[in-house]
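Single-letter residue listing:
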Amino acid sequence: MKHILLLTDFSESAKNATNYALQLFQDQASCFYMLHIPQKSVYTTSDLMAAGTSSIYNSLVKKAKTKLDKYVKTLESNSSNKKISFETIVDYDVLTDSVNQIISSKKIDLIVMGTNGVTGAKEVVFGSNTINVIRKVDCATLVIPKGFQYKKPHTLFLPLDQTDSLNSKAFLKLLSYVKTFKTSLDVVRVIPQDEGTPEAQDQEHLKTNLKDTTFEYQLVKNKNIHEVVAQYLNKNKADLMALLVQKETAFERFLTASDTKKISDDLKVPLFIFHSH
């Protein structure tokens, strides 16, 4: 059984991500943990408890829990999958702290969230909550672009930079989802300069691990990963994209490079993040 953490602030982006996850795993036995962290716009937890106003705190939690339970009941009634279950969680902790605690206690396999929520500016593709989860939480994460409508995935696109390894735990985790969803895999290794390449080693790992999976491999030299991602997504019909994330690697450059906004505008498919070590 899959243990999947869904993050919601009741925004359209979050609801769309939840709906995508329910359809993606519609044939799988899954337990969905729905986490909501109310905004501390008026009171913080420390303020409330220090003032001895535990009744106000409990009231706020109860109100949020009631809203979340009602939302989940709607999801349950609309789902035809009898192999799924839900658990609701309301927390006033820092988002990433709460997520890390739940990952440990509930043995979470995957986090699913939208690119941004009610506080996300229109020009920001990755909201701050999304970025913080990717940077500070060591768990596979699936990010759903705002407004992306579910369709059964057939092809997963994996761009690699020169430091990414196909012999890593992150890649093996990715392969488990490739096999679960029965998608093909398009791997593009990007080497920014004309230097030695791991092509032979890549091919060996792919042939060993993808015996029953259709895959394609391409090596691109003298280009940066932003250019390659944009060109690929413009020319090909990928249904999912994945990144193997290390510190100061593809995702960080994806966020900080001058052409990030252009690439992000083209990134209109769900993005899997798998952490390498």
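Preceding this paragraph is the structure being described.
Heads up: these notes are all about the structure in this document.

Parameters at a glance
Residues numbered from 1 in each chain as written. Predicted model: local features only at pLDDT ≥ 70, side-chain atom pairs only at ≥ 80, totals over all residues. Heavy atoms only, no water. Helix = DSSP H or I, 4+ residues; strand = E, 2+ residues; numbered from the N terminus. Buried < 20%, exposed > 50% of the residue type's maximum accessible area, 1.4 Å probe, protein only. Arc of directions from axis to C-beta. Axes fitted to C-alpha atoms, helices over the stretch in contact; angles between N-to-C directions. Parallel < 35°, antiparallel > 145°, perpendicular 65-115°, else oblique. Left-handed = near helix turned anticlockwise from the far one by under 90°. Contact = heavy atoms within 4.5 Å. Nonpolar A, V, L, I, M, F, W, Y, C, P; charged D, E, K, R; others polar. Pairing = 2+ DSSP bridges. Expected span 1.5 Å × (residues − 1).

Its identity is not glycine, yet Phe-10 carries a phi of approximately 70 degrees, on the positive side. Its identity is not glycine, yet Lys-182 carries a phi of approximately 55 degrees, on the positive side. As for its placement among the helices and strands, Lys-182 is situated in the loop between α6 (169-181) and β7 (184-191). Residue class for Lys-182 comes out exposed when judged on its relative accessible area of 71%.

Bringing helix α5 (residues 128-136) into the picture now. Think of an α-helix as 3.6 residues a turn; residues three or four steps apart then line up on the same face. For α5, the complete set of buried residues consists of Thr-130, Ile-131, Val-133 and Ile-134. Angularly, the buried residues of α5 cover 160 degrees about the axis, an arc narrow enough to put them on a single face. For α5, the exposed residues set more than 90 degrees away from the buried face come down to Ser-128 and Lys-136.

This part covers the environment of Leu-271. Looking at the secondary structure, you find Leu-271 in strand β10 (residues 271-275). Sequence separation between Leu-271 and Leu-142 is 129 residues; the distance between their C-alpha atoms is 5.6 Å.

Running from N to C, helix α4 (residues 95-106) and α5 point in directions that differ by 50 degrees, and their axes come no closer than 10 Å. It follows from the interaxial angle that α4 and α5 lie oblique. For the element pair α4 and α5, the recorded crossing hand is right-handed. On the side of α4, the interface is formed by Leu-95, Thr-96 and Asn-100, while α5 contributes Asn-129, Asn-132, Val-133 and Lys-136. Of the residues contributing to the contact of α4 with α5, the split by class is two nonpolar, four polar and one charged.

This next bit is on the environment of Met-113. Considering the arrangement of structural elements, one finds Met-113 in strand β4 (residues 110-114). Sequence separation of Met-113 and Thr-18 is 95 residues, and the distance between their C-alpha atoms is 7.3 Å. Apart from residues lying up to four places away in sequence, Met-113 is in contact with Leu-7, Ala-17, Asn-129, Thr-130, Val-133, Thr-141, Leu-142, Val-143 and Ile-144.

One open sheet accounts for 10 strands, arranged β3-β2-β1-β4-β5-β10-β9-β6-β7-β8; its pairing is mixed. The outermost strands of the open sheet, each flanked by one partner alone, are β3 (84-90) and β8 (215-221). When the angles between neighbouring strand axes are averaged without regard to direction, this sheet yields 20 degrees. Of the strand pairs in this sheet, β7 and β8 are connected by seven bridges, and their pairing is parallel. Looking at β8, one finds that Val-190 is bridged to Val-220.

The next thing to look at is the environment of Ile-102. Among the secondary structure elements, Ile-102 is positioned in helix α4. Expressed as a C-alpha distance, the spacing of Ile-102 and Leu-35, which sit 67 residues apart in the sequence, is 9.2 Å. When neighbours within four sequence positions are excluded, Ile-102 is seen to be in contact with Leu-5, Leu-35, Ile-89, Lys-107 and Ile-108.

What follows concerns α4. Taking 1.5 Å of rise per residue, the 12 residues of α4 would be expected to cover 16 Å, and the 16 Å separating its terminal C-alpha atoms lies within 8% of that figure. Every buried residue of α4 is listed here: Leu-95, Thr-96, Ser-98, Val-99, Ile-102 and Ile-103. Taken around the axis of α4, the buried residues stretch over an arc of 160 degrees, which confines them to a single face. Facing away from the buried side of α4, by more than 90 degrees, are the exposed residues Ser-104 and Ser-105. Packed against the buried residues of α4 are β1 (2-7), β2 (30-36), β3, β4 and α5. The first or second residue beyond α4 is Lys-107, which carries a positive phi of 55 degrees.

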